[in-house]
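Okay, here's what each chain looks like letter by letter:
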Amino acid sequence: MILVVAEQRDGRLNRATWETIAAAQALSANDMPMKVVALGASIGPVAQELAAAGVGEVVATEHEALATYTPDGFTMALRRVIESLTPTFVLLPHTYQTRDFAPVLAARMRASLITDVTGINGSGASATFARPMFQGKLAADVRPQGAAPFLVSIQIGAYRADTVKKGSAASITSVSVDIDAAAIRQKPEPPFQEAKQAVDLSQAERIVSVGRGIKSQENIAIAETMARAMGAEIAASRPICDNGWLPMERQIGSSGQTVAPKLYVALGISGAIQHLVGMKGARTIVAINKDADAPIFEVADYGIVGDLFEIVPALVKELEKA
Amino acid sequence: MQRETLEVDVLIVGGGPAGLSAALRLAQLQSQHGGEPLSVAVVEKAREAGAHSLSGAVLDPSALRELIPDFRERGAPIATEVHADHVYFLTQHSKIEFPIIPPPLRNHGNYIVSLNQFVRWLAEQVEAQGIDFFTGFAAQDVLMEDARIVGVRTGDRGVDKHGQQKPTFEPGVDITAKVTIFCDGVRGNLTKELLRRLPLAVGRQPQQFAIGLKELWDIPPDRIAAGTVMHTLGYPLASDEFGGAFIYAMTDRHLSVGFVVGLDYPDPQFDPHMAFNRFKQHPFVSSLLGDGQMVRYGAKALPEGGWNTIPRTYMDGGLIAGDAGGFLNAMRLKGIHLAMRTGLLAGESAFEAIRAGDTSAASLKRYQDKIDASPVRAELYPVRNVHQAFGGGLWAGLAFAGVAVATRGWWPVDLHGEAGHERLRHLPPGTGSEVVAQPASNATTIDRRLTFDKLTNVHYAGTAHEEDQPSHLLVQTEVCSTICGPEYGHPCVRFCPANVYEIARESDGTPRLQINASNCVHCKTCDIMDPYGVITWVPPEGAGGPQYNGM
């Protein structure tokens, strides 16, 4: 059996959860049964949403101590759930939250943990999991050893949320866990710093990204116009954020964010490998650059060799017509 | 501000071959002699043992054998024994093999190793002895009371790029010790500070450095037998540029390819990284690498000046070992065994001095006596003039090296070397700010298969730093734009192997030095080679730096 750990906050499931469900369906190949576990203090609506999508039996695990995420609380609860359900595989979205608790959970259970998985070869018990090594230079196929359960976290963007096969409504069971609230060593504070329109580019479907070719801070507006016309987020390569022309949180690449949008438009970005590792998972890459030898064209699906200051306004004009 | 303090008997700064050998020797003496146990701590700036360790590397196992006689049973990662040596002189299109291998370059009985893996293994041996090994902590300052070393202060964490404390701020820790052993590597930031504050280098010659660049390649099968060691001289260097290349064939089709250039070349627009690229384009080398894949990259300076450039290595409460002291045999192209040997002797000296209740310089002089009676002096003294002789050019150097081998080092007067950057030539007046926009004087084509730009290469060094921290390269930019730029054309842009230094243009066209500090691979070349000494390398927040897995 495959157990997917859903991630919700304030009653909302994130996209990474659906991507992980898509991965679990690939692993199952209609052969292994699937369950989805959701944790929280009161998660009725989330369980309903999952059950309505018919992706397998939903296991609702509710406890006061799970109202806010804490690594100790989630580790204790998931350990109980896993021990009572005895799944072969436990799939988790490779989010910040998973990265925080999954190593502890695996160590406590003496279970293997395969992180940041980008693909699954085969299905069922004989499947191998691809994960990047050497900063994405190599993809290693790994197979868990030892006894089940095997914990696997799925890279964000590796599977597509819109490919989840939905079935007829599934049942909801609840598994109760007793958690010793006193044993939770972390005391969560109210969330901070996310108030001011913090951007999570990893969730964006379309991104317009600018590089050195934009030449000056004033010209960023040209790219912003295009982003607005496309309903895209604006992002940048490192030099732009180094110059302070855009905030650091909009930086894509090895020292910034890793994204996998449906559409990535690179304006005046040469495509240094440090940038490519952050966006090469995009489904469609469009590059506009003056230099025909720029490495960005090696990964682009569509490339225009030319002056972005002529091309972008023309594109915006067409986009606004549409 | 409340600083944590930690008090130990022996503090070792730097967890490389020297520091770890010192720690292990201390643990061994402790268990042999019993008594009140000494507390020993090692601090290391890398995130994990070996992450910043880079070398060719061919290991002479002599010191290892003494330190860990059963190193094989303990699983030392020394799989590849050298079975063939070749030395070539390269011309632009072909090669001439030396008919006999010069004795210093004979590697029978030595091993091709990954220094990264070797250091990781050494660290396991040390930790198994219960010694505290603090990785991710950079020693920032020497703590002194008058002329006595009392310990070090580690760097603060959680400071933003404007120097303001972030919510995660943690002040550095003061670690005090009866004896501090400085093993902070080539051009170590603390050893540099010691040489400035104490008269340790008086009467010694200036240290002479080189920069080594290395790539690890996976090559197709049957190209070259594992255990083959090759060295080259000549192309692409001119006769007034000191250096050469190495190619070491390891098991599993891994090839270690590297290039070493003396940091005393005269042309300020010469780029060592481009010289490495040109070397790889030589038909002899490209035929080995073609259809292969570069998997790792790194760069590091090395101290090549030899015996006469080694400072006094003992002081009140302090010792210096390994590359930090300059213990490297440039003629044999080896230093790991000397680092281990001096580390081992420093550990012994610290142990004896503490047990004798006297850790003054007079007591710690026993370290120098041990070095003088050891294979370290026996190996380094006879070749003390060789590197300096290369100051007269390749042919003078080679001829002198031959004489030194024949006479076991006898020579009526010692040759004098100068600090390498003093040999940089001025550019024609008025051209400096123009040439920096041009390619390097030895530029070649970059195809990103065989040859790489620095930015691509540095990706394969795996280097990463906390982004929001002050620059760890302290540069007096005034000198840079008004003097160094016009005279030399910003040579930092050329000699840095990691694209840390860039000349950006303001909107009015005036050049501005942009420091991409997070690219830094901690090679120390800028601290050494900048002609006005206006670049100071200080450690970035602990755990930052390259990740030399398998290098």
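Keep in mind that this is a model prediction, so the values were computed, not measured.

1. So, the overall build of chain B
Of regular secondary structure, chain B possesses 17 helices and 24 strands. The C-alpha atoms of chain B give 23 Å as radius of gyration, which agrees with the globular expectation for 551 residues (24 Å, within 12%). Overall size of chain B, expressed as C-alpha extent along the three principal axes, is 65 × 60 × 50 Å. Counting over 551 residues, chain B shows a buried share of 53%. Once local pairs closer than 6 in sequence are excluded, the contacts in chain B between residues at least 24 apart make up 78%.

2. With respect to helix α1 (residues 17-33) of chain B
Residue and element names in this part refer to chain B. Its 17 residues place the ends of α1 24 Å apart at the C-alpha level, agreeing with the 24 Å of an ideal helix rising 1.5 Å per residue. The complete set of buried residues in α1 reads Pro17, Ala18, Gly19, Leu20, Ser21, Ala22, Ala23, Leu24, Arg25, Leu26 and Ala27. Buried residues belonging to α1 abut β1 (5-13), β2 (40-44), α2 (62-67), α3 (115-128), β13 (174-182) and α7 (336-355). Within two residues after α1, Gly34 carries a phi angle of roughly 65°, on the positive side.

3. Here we look at the sheet that holds strand β13 (residues 206-210) of chain A
Think of a sheet as strands paired side by side through backbone hydrogen bonds, with each pair either parallel or antiparallel. All names here are of chain A. Read from one edge to the other, the open sheet built from five strands follows the order β14-β13-β15-β16-β17, with strand pairing classed as parallel. Single-partner strands in this sheet number two, and they are β14 (233-236) and β17 (302-305). Averaged over all adjacent pairs, the angle separating strand axes in this sheet is 15°, with direction ignored. Sheet analysis places β13 next to β14, joined by four bridges and oriented parallel. Residue pairing in the sheet places Val210 in a bridge with Ala236 of β14.

4. Structural notes on the sheet that holds strand β17 (residues 254-262) of chain B
Residue and element names in this part refer to chain B. Within the open sheet, the seven strands sit side by side as β6-β5-β15-β16-β17-β14-β18. Their pairing is mixed. Among the strands making up the open sheet, the edge pair consists of β6 (95-97) and β18 (293-303). Direction aside, neighbouring strands of the sheet carry axes that sit 20° apart on average. Note that strand β5 (residues 84-90) and β6 share three bridges and pair antiparallel. Among the inter-strand pairings, Leu90 is bridged to a residue of β6, identified as Lys95. The strands that helix α5 (residues 272-281) touches are β14 (209-218), β16 (243-249) and β17; relative to β17, the one it contacts most, it runs at about 135°.

5. Quick word on the domain arrangement of chain A
Residue and element names in this part refer to chain A. Domain boundaries assigned for chain A yield domain 1 (2-183) and domain 2 (201-321). Here the C-alpha centre of domain 2 lies 33 Å away from the C-alpha centre of domain 1. Between domain 1 and domain 2, the residue contacts involve five residues of the former and six residues of the latter. Residue classes in the side of domain 1 that touches domain 2 are distributed as one nonpolar, three polar and one charged.

6. Let's talk about the pairing of β18 of chain B
Residues and elements named next belong to chain B. Among the eleven residues of β18, nine are classified as buried, and the element is accordingly described as predominantly covered. Both β14 and β18 contribute to a ladder of ten bridges, which runs antiparallel. Bridge pairing in β18 places Trp217 opposite Met294.

7. Comments concerning the environment of Asp369 of chain B
One can find Asp369 of chain B in helix α9 (residues 366-372). Residue classification places Asp369 of chain B among the exposed residues on the basis of 12 C-beta atoms within 10 Å.

8. With respect to the domain arrangement of chain B
Residues and elements named next belong to chain B. Along its sequence, chain B is carved into domain 1 (5-69 + 118-206 + 307-383) and domain 2 (433-442 + 456-537). Each of domain 1 and domain 2 has a C-alpha centre, and these two points are 30 Å apart. Facing the eight residues of domain 1 at the interface are eight residues of domain 2. A breakdown of the residues in the side of domain 1 that touches domain 2 according to their chemical character gives two nonpolar, three polar and three charged.

9. Regarding unusual backbone geometry
Put simply, Ala148 of chain A and Pro149 of chain A share a cis peptide bond, and its omega is 5°. The omega angle of the peptide bond from Gly56 of chain B to Ala57 of chain B is -5°, so this bond is cis rather than trans. Here Ala57 of chain B lies in the loop between β2 and β3 (58-59). Although it is not a glycine, Leu333 of chain B adopts a positive phi angle of roughly 60°.

Reading the values: rules and limits
- Residues numbered from 1 in each chain as written.
- Chains lettered and ligands numbered in written order.
- Predicted model: local features only at pLDDT ≥ 70, side-chain atom pairs only at ≥ 80, totals over all residues.
- Helix = DSSP H or I, 4+ residues; strand = E, 2+ residues; numbered from the N terminus.
- Rg over C-alpha atoms; globule rule 2.2 N^0.38 Å.
- Buried ≥ 20, exposed ≤ 12 C-beta atoms within 10 Å, placed from the backbone.
- Contact = placed C-beta atoms within 7 Å.
- Expected span 1.5 Å × (residues − 1).
- Pairing = 2+ DSSP bridges.
- Axes fitted to C-alpha atoms, helices over the stretch in contact; angles between N-to-C directions.
- Domains from an automatic or database assignment.
- Nonpolar A, V, L, I, M, F, W, Y, C, P; charged D, E, K, R; others polar.

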